[in-house]
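Report on the structure
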Amino acid sequence: MTLLVTEARIVTMDPARPEAEALVIEGGRIRALGRRDEMAALAGAGADHIRCGGRLVLPGFQDTHVHLLSGGADLATAAPLFDVADPAALQARLAAGAAARPEAPLVIGTGWQPGLFGDHDLTAAVLDAAVPDRPAIAYDSSFHSACLNSAAMARIGLGPGIPDPENGHFVTDAAGRPTGMLHEAAIGWATDRLPAPTDADYREGLRLAQAHANAHGLTGILDPCVTGLEARIYAGAGPLDLRVAGAMPVTGADTPHTALARLGALRAAHPGPDFHLHSAKIFADGVFENRTAALLDPYADGGNHAPMFSDAALAELVAALDAARFQIHAHVIGDAAARQVLDALALARAANGDWPARHQLAHLQLLAPEDAARLAPLGVMANIQPLWARHDPVVPDIALDMIGAARLPQTYAFRRMLDHGALACLSSDWPVSTLNPFEIIETAVTRQPRRAEGWRPPFLPDQRLTVTEAVQGYTTHAAMACWRDGFTGSLRPGFSADLIVLDRDILACPAEEIGATRVLLTLFKGRPVHRAADFP
């Protein structure tokens, strides 16, 4: 089938031909781009024709840190808690979720805000009032903390005297009794012993998640936590409506031998092209919200937390994985975690030589200025979530008190990283926060909430990105991060026909309007995977 796309401002993200009026698609790939009359003649009279009405056309966006399958499973199975502001509202939402799925052996809620709830006020007793008769778990918005109800604690045998798992913590009261709150690896300890969603739940979740992503212009993603379960669902889903790259987790229990054996087998089983595994996911630390971020100097309000790995153990793992040509995809929140991973990558580079790994540091909430200058020389990409670089109009940012005024300029300092030559790919970390790339781009450019959410002053406005840099972060740089820049990320002859038609020109409209952008059409391999009702 031949498809002709015309009446468009096509911004290709290809320096050799930055713009075109029209393009021709054949066999799911772009055949040619150019003037409208040239492309119409090339396509011929029998071609299908998409007239864009003068609108902006861009390459399909790619989100390089999005938990697509688990987020989709939440859409299918979990009560949403992201917008609840008090215990009564949380209980009502959980109770409604339980009533909606009376057959489910586990009631799930996701998204309570650590700025509004915490160890001090969210306990099993709070959840018991909503779900007294079967196990329940409620995750915070970062998924680094969760709370169990009493039935769940009884089901898994969580009581006094149970030791903390490595890199995890059971919160206890003054008498040493678990309150139900879990931090970090304690969550996995609990969920391994609780009923899990079924494969049917996950398949339905993947269907919902793909449609949600396509509606926001996504034609590719990188899932940063793919275990055997995720691999089974992605691989067994049939033809996907977007491309999935994956990072496989490595834990503190791993040795180089165990990590390479497990990750190597998964990589060999899933080489692509639409679902491929290429990265090793390393949690170098936790998050500020439960005080597991690792800092070079103590928290401004006291205390600190060690990285999840010793320096020697991390260096050994990273060197072995790099030698086996796995990309490193490291979660780093605190500046000590970032430095530790950069040090390990430097040692691996010295031992194994340079290669186009495009290793990534994800999040980079706090980064020492001298380490911002190390990303580019080491070939490390900054995998950033700009939506978080703002003063939230509703939820207090409790991390700022822990960071303190002296280190505030080092917080989400994206401009500094780019000025030192680092490449940045943009991402959402959905379902932690929205996957809408246009809301994220607006915040990257303004460092403020959207006007409809309530005015707040810019957060470190000198660290803003330009719109072009943000679009690169979702297209060319994202394709590099996913190891598919040889056929996606820009619109050029021979590349996959992944493109989006927008209702406004985000490269020219006021920055405060970018977040309201709607995707009118998404093509993946030349076929529509999303079309707005008002787009003919």
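Just so it is clear, the structure is predicted and the values come from calculations on it, not from any experiment.

1. Focus on the pairing of strand β13 (residues 218-223)
- Counting buried positions along β13 yields six of six residues, so the element is predominantly enclosed.
- Sheet topology note: the β13/strand β14 (residues 243-250) ladder contains four bridges and is parallel. By the bridge assignment, Leu 222 is partnered in β14 with Ala 245.

2. Focus on the packing of helix α10 (residues 311-323) against helix α11 (residues 335-352)
- Relative to each other, α10 and α11 sit at 45°, their axes nearing to 8 Å. Looking at the two axes, α10 sits oblique to α11. The chirality of how α10 crosses α11 is right-handed. Counting all contacts with α10, which are made through Asp 311, Leu 314, Ala 315, Val 318, Ala 319, Asp 322 and Ala 323, the residues of α11 involved are Gln 340, Val 341, Ala 344, Leu 345, Leu 347, Ala 348 and Asn 352.
- Its residues assigned to classes, the contact of α10 with α11 comprises ten nonpolar, two polar and two charged.

3. Considering empty space enclosed by the protein
- Evaluated as defined, the whole model comprises one cavity of 30 Å³ or more.
- Approximately 30 Å³ is the volume found for the largest cavity.
- In terms of lining residues, the largest cavity is bounded by Pro 59, Gly 60, Gln 62, Thr 219, Thr 488, Gly 489 and Asp 498.
- Of the residues assigned to the lining of the largest cavity, the class counts are one nonpolar, five polar and one charged.

4. Some thoughts on the pairing of strand β20 (residues 499-502)
- By the alternation rule, side chains of β20 split into Leu 499 and Val 501 and Ile 500 and Leu 502, which are all buried.
- Two elements, strand β5 (residues 48-59) and β20, share three bridges in a ladder whose sense is antiparallel. Note on β20: the bridge partner recorded for Pro 59 is Leu 499.
- Summarising the sheet, β20 and strand β21 (residues 519-524) pair through four bridges and their orientation is antiparallel. In the strand pairing of β21, Ile 500 is matched with Thr 522.

5. Section: the side chain of Asn 383
- Within the secondary structure, Asn 383 is located in strand β18 (residues 381-384).
- Within polar-contact distance, the side chain of Asn 383 engages the side chain of Gln 360 at 2.7 Å.
- A distance of 3.3 Å separates the side chain of Asn 383 from the side chain of Gln 385, its partner in a polar contact.
- Those residues in contact with Asn 383 that sit more than four places away from it in its chain are Thr 64, His 65, His 329, Gln 360, Leu 361, Ala 362, His 363, Cys 425 and Ser 427.

6. Concerning the sheet that holds strand β9 (residues 136-140)
- Across the sheet, which stays open at both edges, the six strands sit in the order β7-β8-β9-β10-β12-β11 with mixed pairing between neighbours. Strand pairing shows two members of the sheet lacking a second neighbour, β7 (79-80) and β11 (168-172), which therefore form its edges.
- Contacts between helix α3 (residues 87-100) and the sheet are confined to β7 and β8 (107-112), with β8 contributing the most and set at about 145° to the helix.

7. Notes on the environment of Asp 335
- Structurally, Asp 335 can be placed in helix α11.
- In contact with Asp 335, not counting residues within four places along its chain, are Ala 294, Leu 295, Leu 296, Leu 366, Leu 367, Ala 368, Asp 371 and Gln 410.
- A polar side-chain atom of Asp 335 sits 2.7 Å from the main-chain amide nitrogen of Leu 296.

8. With respect to the packing of helix α15 (residues 437-446) against helix α16 (residues 467-474)
- Viewed as axis vectors pointing N to C, α15 and α16 meet at an angle of 140°, and their least axial separation amounts to 9 Å. Between α15 and α16, the crossing angle belongs to the class labelled oblique. Considering the relative orientation of α15 and α16, their crossing is right-handed. For the pair α15 and α16, the contacting residues are Pro 437, Ile 440, Ile 441 and Val 445 in the first and Val 467, Ala 470, Val 471 and Tyr 474 in the second.
- Looking at side-chain class alone, the contact of α15 with α16 contains eight nonpolar, no polar and no charged residues.

9. Considering unusual backbone geometry
- Between Gly 272 and the following residue, Pro 273, the backbone shows a cis peptide bond with an omega angle of 10°.
- Relative to the elements of secondary structure, Pro 273 occurs in the loop between α9 (256-269) and β15 (275-283).
- With an omega of 10°, the peptide bond running from Trp 430 to Pro 431 counts as cis.
- Here the phi dihedral of Arg 325 falls at roughly 65°; this positive angle occurs in a residue that is not glycine.
- The topology assignment puts Arg 325 in the loop between α10 and β16 (327-332).

10. Quick word on the state of the cysteines
- Summed over all chains, the structure comprises zero disulfides.
- Not engaged in a disulfide, the cysteine Cys 425 finds its nearest cysteine sulfur in Cys 482; these two sulfurs lie 7.6 Å apart.
- Here Cys 482 falls in the buried class, since its relative accessible area comes to 0%.

11. Focus: the sheet that holds β18
- Spatial strand order, β6-β13-β14-β15-β16-β17-β18-β19: eight strands in an open sheet with parallel pairing. Edge positions in the sheet fall to β6 (61-63) and β19 (424-426), since each of these pairs with one other strand and no more. On average, adjacent strands in this sheet sit at an angle of 25° to one another, irrespective of strand direction.
- Direction of pairing for β15 relative to β16: parallel, over a ladder of five bridges. When the bridges of β16 are listed, Ala 280 appears paired with Ile 328.

Basis of the calculations
- Residues numbered from 1 in each chain as written.
- Predicted model: local features only at pLDDT ≥ 70, side-chain atom pairs only at ≥ 80, totals over all residues.
- Heavy atoms only, no water.
- Buried < 20%, exposed > 50% of the residue type's maximum accessible area, 1.4 Å probe, protein only.
- Helix = DSSP H or I, 4+ residues; strand = E, 2+ residues; numbered from the N terminus.
- Pairing = 2+ DSSP bridges.
- Axes fitted to C-alpha atoms, helices over the stretch in contact; angles between N-to-C directions.
- Parallel < 35°, antiparallel > 145°, perpendicular 65-115°, else oblique.
- Left-handed = near helix turned anticlockwise from the far one by under 90°.
- Contact = heavy atoms within 4.5 Å.
- Nonpolar A, V, L, I, M, F, W, Y, C, P; charged D, E, K, R; others polar.
- 1 Å grid on protein atoms, 1.4 Å probe; cavity = no way out; pocket = protein on both sides within 12 Å on 5 of 7 lines; lining within 4 Å.
- Points joined across faces, edges and corners; volume = space filled by probe spheres on them.
- Polar contact = N/O pair within 3.5 Å; in protein donor to acceptor, adjacent residues only side chain to side chain.
- Disulfide = S-S within 2.5 Å.

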